[in-house]
Amino acid sequence: MSRKLTATAAASALLVLSLATSAADAWTLPSWLQRAETAPSASAPATHVAAAVPSAAAPVSVAALSAGQMPNYRAIVQSQGPAVVGVTVAGLRNASDSSGDNEASPFDADPFFRFFRGIPGLRMQPRGAQPFRGQGSGFIVSADGLVLTNAHVVRDAKQVTVKLSDRREFAARVLGSDTATDIAVLKIDAKGLPTVTLGDPRAVQVGDWVLAIGAPYGFEQTATQGIVSAKGRSLPGDSYVPFIQTDAAVNPGNSGGPLFDAAGRVVGINAQIYSQSGGFQGLAFAIPLDVALHVKEQIVAHGKVEHARLGVTVQDLSAPLAASFGLPAPDGALVASVAPGSAAAKAGLKAGDVITAVNGEPVQVAGDVSNRVGLAKPGERLNLALWRDKSRSEVAVTLGRAEPEGKQAAAEGEGGSLGLAVRPLQRDELKSAGLDHGLLIEQVSGPAQLAGVQPGDVLLALNGKPVRGIEQVREALRAKPKSVALLVVRDGQQIFVPVSLG
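Fair warning: this is a prediction, and the values are worked out from it, not measured in the lab.

Help me understand helix 5 (residues 289–302), please; the structure alone is not making it clear to me.
Since one α-helical turn is 3.6 residues long, residues separated by three or four positions face the same way. Helix length check: helix 5, at 14 residues, gives a terminal C-alpha distance of 20 Å against a target of 20 Å (1.5 Å per residue), a fit within 8%. Inspection of helix 5 places L289, V291, A292, H294, V295, K296, Q298 and I299 among the buried residues, and these make up the whole buried set. Count one or two residues on from helix 5 and you reach G303, which has phi positive near 80°.

In structure tokens:
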């Protein structure tokens, strides 16, 4: 087994990292150290507690806290720890799909491949599907074996194993997963299992104590504590999720594990970290539990999740922008564009409108609109409060259906076929490639093939305009251009490819 304790350092800029870790990175202490017993220091309280299986001693109850009182972390670990599980996965994945932090490639440990990998123009990465193993965390929400974890933990997995705190292991079925919210639901064949206590993430406030339990780097049943640093965070590629930001130490392997409030109730699912090194640096992000339960209900009932679509691009307001629109404060979501034929277009929304409330709930930032729309159901009716031409108005919108993230779409227009089948890149794919947008080209034919476009290229821009969705490609082709210029990424290099459409 590998004894590496630190994650691979990021190349340069800050990266949002998913927290699944390779099973190959899990290791055990040497026997001489396992036998050693060290008395805890009375002068330095521990902030990282290993959560063991409860002993025969009387359990400690989790009591309500008075202002300023520290939580009883021992009681939380003893009462809730047995419902926290480890999730190990195995499967096959194309080498180019590696996200870099949740699976181990058999070539990563080969010094030959490591040496030649950095030589410009020499591609030593193995092609085709390669075996991978990964590890994350999860928690039991029903006594008959329903487990919640992250979608990226089980992505492409052919085998999923759930390990309980009492060392029992069960083969798990993936009932469904939703990449848009990064939630997956597993089912194991067992009865009478311990379950976590569910809480309300809306009641958690900045500064409140929280506790995370999971398996960072394979160290099972590890507990770490901190506070809520912020709420309602929007991250690139996660527009549906208003993340809870904490400073509780979480690392690769914590993915899918629960975040508890001071009373021992689950309020979130640990999902990502923000790091320069690949390890914890004080910024961790958890998916609010109400978002996860909303997704779980759809998966259990239908095996899939449907999200609504408004059809607008929104951005945050700055103080100068707010002043130019005559707003007293920079609160709200500024509509930058409206997709033709979308629900927003049918309702009469225009670029320059500012959405100030959704169903009576104030909108502070653009992410508030994305969160509320993404978690609504297709066909649901929303009342939007708008600021337009320095006056207030309201409009009712019947939401459309969002296109599944992994669905292929042919990029064609009335002016002729471009010959591409593309899909949006998933969050971990964007992170692995160091991109913030793009469409993966999965199939090539016709003019694009003649121009030299290849499957596996990532389409970044068309005629100089960044491409963030399939509809942008279709819209550009409706003008019947005789040629288009594609900016694609291939083997880490950006190149322009001119395509003649005749």
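Hey, could you run me through the pattern of salt bridges in this one?
Pairing between side chains of opposite charge can happen when the charged atoms of each approach one another. Within the structure shown, the criterion is met by 12 salt bridges. Among the ionic pairs, E220 bridges to K163, the shortest N-O distance being 3.3 Å. Of the two residues, E220 is situated in the loop between strand 9 (209–214) and strand 10 (222–233) and K163 in strand 6 (residues 157–163); the sequence distance between them amounts to 57 residues. As a salt-bridge pair, R423 and E442 come within 2.7 Å of each other at their nearest N and O atoms. Taken together, the residues span a long stretch of sequence, with R423 in strand 24 (residues 416–424) and E442 in strand 25 (residues 439–444) at a distance of 19 residues. Classification of R423 as buried rests on a relative accessible area of 10%. Overall, E442 belongs to the partly exposed group, its relative accessible area being 28%. Sharing partners across several salt bridges, the network here consists of K163, R167 and E220.

Please explain empty space enclosed by the protein as it appears in this structure.
In this approach a probe as big as a water molecule rolls over the atoms, and the regions it shows empty are the leftover space. Inspection of every chain in the model, using the stated rule, returns 3 cavities of 30 Å³ or more. Roughly 70 Å³ of volume is contained in the largest cavity. V84, V85, G86, K163, L164, S165, G214, A215, E220 and Q221 together form the lining of the largest cavity. Among the residues forming the lining of the largest cavity, the class breakdown is 4 nonpolar, 4 polar and 2 charged.

Help me out: how do you make sense of helix 8 (residues 366–374) in this one?
Of all the 9 residues making up helix 8, 7 are buried; the element is thus mostly covered by neighbouring parts of the structure. Within the span of helix 8, buried status applies to A366, G367, D368, V369, N371, V373 and G374. Close packing links the buried residues of helix 8 with strand 15 (308–309), strand 16 (312–316), strand 17 (333–338), strand 18 (354–358), strand 19 (361–362) and strand 20 (381–388).

I tried to follow the side chain of T222 on my own but got confused; where do I start?
Positionally, T222 belongs in strand 10. Within the structure, the side chain of T222 is placed 2.8 Å from the backbone oxygen of F219, a separation counted as a polar contact.

What is the right way to read the nonpolar core from this model?
Soluble, globular proteins show a tendency: their nonpolar side chains are buried together. Of all hydrophobic cores here, the largest spans 53 residues; its most connected members are F139, L186, I188, L211, F260 and I287. In contact with I188, other than residues within four places in its own chain, are D144, G145, V162, L164, F170, A171, A172 and L193.

Reading guide: rules and limits
Residues numbered from 1 in each chain as written. Predicted model: local features only at pLDDT ≥ 70, side-chain atom pairs only at ≥ 80, totals over all residues. Heavy atoms only, no water. Helix = DSSP H or I, 4+ residues; strand = E, 2+ residues; numbered from the N terminus. Expected span 1.5 Å × (residues − 1). Buried < 20%, exposed > 50% of the residue type's maximum accessible area, 1.4 Å probe, protein only. Salt bridge = Lys/Arg side-chain N within 4 Å of Asp/Glu carboxyl O. 1 Å grid on protein atoms, 1.4 Å probe; cavity = no way out; pocket = protein on both sides within 12 Å on 5 of 7 lines; lining within 4 Å. Points joined across faces, edges and corners; volume = space filled by probe spheres on them. Nonpolar A, V, L, I, M, F, W, Y, C, P; charged D, E, K, R; others polar. Contact = heavy atoms within 4.5 Å. Polar contact = N/O pair within 3.5 Å; in protein donor to acceptor, adjacent residues only side chain to side chain. Core = buried A, V, L, I, M, F, W, Y, C linked by side-chain atoms within 4.5 Å.

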